[in-house]
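Now for the letters of each chain:
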Amino acid sequence: SATGNTMSVTTSSLTVSSDTSYGAQTVVAGTSNVKLASFNIKGSSAEKVNVTSIALKVDNNNAANNNAVVSNLKLYKGADNTGTQLGSTQATVTDNTAMTISVSGLLLEKGEEISVSVYADISSSFADAIHTLFSMILSFSLITLTSSGL
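It should be emphasised that the depicted structure is a prediction, and the values quoted were computed from it without experimental measurement.

The rules behind these values
- Residue indices begin from 1 for each chain and proceed along its sequence in written order.
- Confidence filtering applies because this is a predicted model: local features only for residues at pLDDT of at least 70, side-chain atom pairs given and counted only at 80 or more, and all residues used for totals across whole chains, interfaces and linings.
- The basis for the side-chain values is all heavy atoms of the structure; hydrogens and waters are excluded.
- Secondary structure elements are defined from DSSP: runs of H or I of at least 4 residues count as helices, runs of E of at least 2 residues count as strands, and each element is numbered from the N terminus.
- Relative accessibility under 20% of the residue-type maximum defines a buried residue, over 50% an exposed one, and the middle range a partly exposed one, all with a 1.4 Å probe and only protein chains included.
- Contacts between residues were defined by any pair of non-hydrogen atoms, one from each residue, lying within 4.5 Å.
- Values of accessible area rely on a 1.4 Å probe in the Shrake-Rupley scheme; residue burial ignores everything except the protein chains shown.
- Between Lys or Arg on one side and Asp or Glu on the other, a salt bridge is scored when a side-chain nitrogen of the former is within 4 Å of a carboxyl oxygen of the latter.
- Confidence scores per residue from the predictor, reported as pLDDT, run from 0 to 100.
- Any two strands are treated as partners once DSSP identifies two or more bridges connecting them.
- What counts as an axis is a line fitted to C-alpha atoms, over the stretch in contact for a helix, and the angles between N-to-C directions run from 0 to 180 degrees.

Quick look at the overall build of the protein chain
So, point 1. Assigned secondary structure in the protein chain consists of 1 helix and 8 strands.
So, point 2. Seen in sequence order, the protein chain has helices and strands lined up from the N terminus as β-β-β-β-β-β-β-α-β.
So, point 3. Across the 150 residues in the protein chain, those meeting the buried criterion constitute 37%.
So, point 4. Here the analysis covers contacts within the protein chain between residues at least 6 apart in sequence; of these, 78% occur between residues at least 24 apart.
So, point 5. When the accessible area of the protein chain is evaluated, it comes to approximately 7,900 Å², of which 47% is carbon and sulfur surface.

See the structure below:
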């Protein structure tokens, strides 16, 4: 009989953190393509990870008409909007409701860390833009990442 090599089996994991280099911002209502947030995703140290979706929500908790504040939400790989757009533009953003954005081609090598930036349009009818946008950034949360090991 022959004895084979030992094989260790682990699970893939992803770590998500806020990008601390991006702080609170002040913007004018009616501005398009505003950077709302930035976060980092770090892949597993055990294997490559293919990120297939990102679910997030935006909470416009100080606005009179929450659902009309943010539109055309986009995710970009990188610290700004010059990188590759991840998934499709979310034309409608419903307040405090999770939205899942399917992504393709987001393969993280072992231990690789990337930045993801969130951009959107801010409504011109948003009277309390400065106060609410600040609150919205603090309330921005990444809920889940769906991935598969390779």
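Points about the pattern of salt bridges
So, point 1. As enumerated under the stated definition, the model contains 1 salt bridge in all.
So, point 2. Linking K48 and E109 is a salt bridge whose minimum nitrogen-to-oxygen distance equals 3.7 Å. In this pair, K48 is assigned in the loop between strand 2 (34-42) and strand 3 (49-57) and E109 in the loop between strand 6 (99-108) and strand 7 (113-122), connecting sequence segments 61 residues apart.
So, point 3. We classify K48 as partly exposed; its relative accessible area is 36%.
So, point 4. Residue E109 is classed as partly exposed on the basis of its relative accessible area, which comes to 37%.

Points about the confidence of the model for the protein chain
So, point 1. Averaged over the protein chain, the pLDDT score is 75; the fraction of residues at 70 or greater is 69%.
So, point 2. Of all helices and strands in the protein chain, the one with the weakest mean pLDDT is helix 1 (residues 129-139) (37), whereas strand 5 (residues 85-92) scores best (93).

Quick notes on the environment of D59
So, point 1. Mapping D59 onto the fold places it in the loop between strand 3 and strand 4 (70-77).
So, point 2. Looking at D59, the relative accessible area reads 16%, which means it is buried.
So, point 3. Sequence separation between D59 and D95 is 36 residues; the distance between their C-alpha atoms is 5.5 Å.

Remarks on the sheet that holds strand 5
So, point 1. Taken in spatial order, the 5 strands make up an open sheet running 1-2-7-4-5, and their pairing is antiparallel. This sheet does not close on itself; its edge strands, each paired only once, are strand 1 (15-18) and strand 5. Averaged over all neighbouring strand pairs, the angle between strand axes comes to 20 degrees, with direction disregarded.
So, point 2. Pairing analysis gives 4 bridges linking strand 4 to strand 5, with the strands arranged antiparallel. Bridge pairing in strand 5 places Y76 opposite Q85.

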